[in-house]
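Structural features, examined
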Amino acid sequence: MARIILLDPLGYRKNSIGHYHHLRDWSGAYTLGYIPLFPLDLAYAAAYLREYGHDVRIVEASIKHLSTKDVLKVVHQIDPDFIHIPTTYFSLDDDKDLASSIRLSKPEIKIIFSGPGVTYNPSLALVDKSADAVTLGEIEDPLLRIAEGRFDKNIAYNKDGRIVLGERSLL
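First, a word on scope: everything that follows refers to the structure included in this document. (Residues numbered from 1 in each chain as written. Predicted model: local features only at pLDDT ≥ 70, side-chain atom pairs only at ≥ 80, totals over all residues. Heavy atoms only, no water.)

1. Details of the pairing of strand E6 (residues 82–86)
Summarising burial for E6: five of the five residues are buried, a large majority. Both faces of E6 are covered, namely the face carrying Phe82, His84 and Pro86 and the face carrying Ile83 and Ile85. Judged from the three bridges that link them, strand E1 (residues 3–7) and E6 form a sheet pairing that is parallel. Residue pairing across strands places isoleucine 5 opposite isoleucine 83, the latter belonging to E6. Bridge count for E6 against strand E7 (residues 110–114) is five bridges, and the pairing is parallel. (Buried < 20%, exposed > 50% of the residue type's maximum accessible area, 1.4 Å probe, protein only. Helix = DSSP H or I, 4+ residues; strand = E, 2+ residues; numbered from the N terminus. Pairing = 2+ DSSP bridges.)

In structure tokens:
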């Protein structure tokens, strides 16, 4: 059984004084600050992973306005094996910064990215080792495979300094 955090981060724009919320689904759109939405994709993934016996927590940093420091406190309390971060083209730099902070704080945790940009081009998160793995397409089954140590379908990862693309499958 793996302990997994499904994280919905709060966004920060470089050179900006505020924060923002993303729809971290396939649209990647911004939402107005006063209407952050619960990430249904993470709820679906959590239910799916729990059916297979994994300990899954959704950390809703966006809705709760958790800073990176606050997220790190939660990460230390839960002490997961994996953290999943959904990303968009617009949030990728912020998500990489957050992943870097997590990696510095708890280097043993494996970080997984998902989203349209990294599905199309996994090297966006893998070349600089921001993520240990990327799910390709929908997240439920690839996250289960990663939790069970099977890096085959719909997963990209680093191996010996090169990016390995698993078989792409709709199922």
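2. Details of the nonpolar core
Residues Leu7, Ile83, Ile85, Ile102, Phe113 and Val134 are the most contacted members of the largest nonpolar core, which totals 26 residues. Secondary-structure elements contributing two or more residues to this core are E1, helix H3 (68–78), E6, helix H4 (92–105), E7 and helix H6 (123–126). Filtering out sequence-adjacent residues up to four positions away, valine 134 remains in contact with Phe113, Val118, Pro122, Ala125, Leu126, Asn154, Ile155 and Ala156. If you look at the next biggest cluster of nonpolar residues, it comprises 19 residues, including Ala45, Leu49, Ile112 and Ile146. (Core = buried A, V, L, I, M, F, W, Y, C linked by side-chain atoms within 4.5 Å. Contact = heavy atoms within 4.5 Å.)

3. Some words on the pattern of salt bridges
For the structure on display, the rule yields nine salt bridges. Two residues, aspartate 55 and arginine 3, come together in a salt bridge whose shortest N-O distance is 3.4 Å. Within this pair, whereas aspartate 55 is found in strand E5 (residues 55–59), its partner arginine 3 is found in strand E1, the two being separated by 52 residues in sequence. On the basis of relative accessibility, which here comes to 30%, the residue arginine 3 falls in the partly exposed class. Residue lysine 96 pairs with aspartate 128 through a salt bridge whose shortest N-O separation is 2.9 Å. Taken as a pair, lysine 96 in helix H4 and aspartate 128 in the loop between H6 and strand E8 (133–135) lie far apart in primary sequence, 32 residues in all. What makes aspartate 128 partly exposed here is its relative accessible area of 43%. If you follow the salt bridges from partner to partner, you end up with Arg3, Asp55 and Arg57 in one network. (Salt bridge = Lys/Arg side-chain N within 4 Å of Asp/Glu carboxyl O.)

Function cannot be read off these values alone, since they describe shape.
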